[in-house]
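Overview (structure and organization)
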Amino acid sequence: MNHPWIIYLQACLAVRIQRARTAPTRGASAVEWVIITAIIAGVALGLATLIKTVVEQKQGEIQQTLGGGSTGA
């Protein structure tokens, strides 16, 4: 493991890790992104459930109004 390319790559990686550790925090962290995504997914799921319920209710009203339709032949 004393090949010059490996030593060079280890040095480059060490520099990048050091920069990442000492860089000022900007923007949202991964945990914050997960929380935001979960909230958005929850709202979307709630809206989808609400829309499904309303559509099913209207479908039932239409079926009652039209007498349930016919089986046809």
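First things first, this report covers the structure right here in the doc.

Cut-offs applied
Residues numbered from 1 in each chain as written. Predicted model: local features only at pLDDT ≥ 70, side-chain atom pairs only at ≥ 80, totals over all residues. Heavy atoms only, no water. Helix = DSSP H or I, 4+ residues; strand = E, 2+ residues; numbered from the N terminus. Buried < 20%, exposed > 50% of the residue type's maximum accessible area, 1.4 Å probe, protein only. Areas by Shrake-Rupley, 256 points an atom, 1.4 Å probe, with all protein chains shown as cover. Phe/Tyr/Trp six-rings, centres within 6.5 Å; stacked < 30°, edge-to-face > 60°. Salt bridge = Lys/Arg side-chain N within 4 Å of Asp/Glu carboxyl O. Expected span 1.5 Å × (residues − 1).

**Here we look at the overall build of the chain**
Within the chain, the secondary structure is distributed over two helices and zero strands. When each of the 73 residues of the chain is scored for burial, the buried share is 0%. On the chain, roughly 7000 Å² of surface is accessible, and the fraction owed to carbon and sulfur atoms is 67%.

**Notes on the packing of aromatic side chains**
Applying the stated criterion to the full structure yields one aromatic pair. For the pair Trp5 and Tyr8, a centre-to-centre distance of 6.1 Å together with 90° between the ring planes defines the contact as edge-to-face. Of the two residues, Trp5 and Tyr8 are both situated in helix α1 (residues 4-22); the distance of three residues between them amounts to about one turn of the helix. With relative accessibility at 58%, the residue Trp5 sits in the exposed group.

**Here's the deal with the pattern of salt bridges**
It is possible for side chains bearing opposite charge to pair when their charged atoms get close. Going through the model one piece at a time under the given rule, you end up with two salt bridges. Across the salt bridge formed by Lys58 and Glu61, the nearest N and O atoms sit 3.8 Å from each other. In this pair, Lys58 and Glu61 are both assigned in helix α2 (residues 30-65), three residues apart and thus about one turn of the helix distant. We classify Lys58 as partly exposed; its relative accessible area is 46%. With relative accessibility at 43%, the residue Glu61 sits in the partly exposed group.

**Digging into α2**
With 36 residues, α2 extends 52 Å between its outermost C-alpha atoms, agreeing within 8% with the 52 Å of an ideal straight helix rising 1.5 Å per residue. Phi turns positive, to about 80°, at Gly67, one or two residues after α2.

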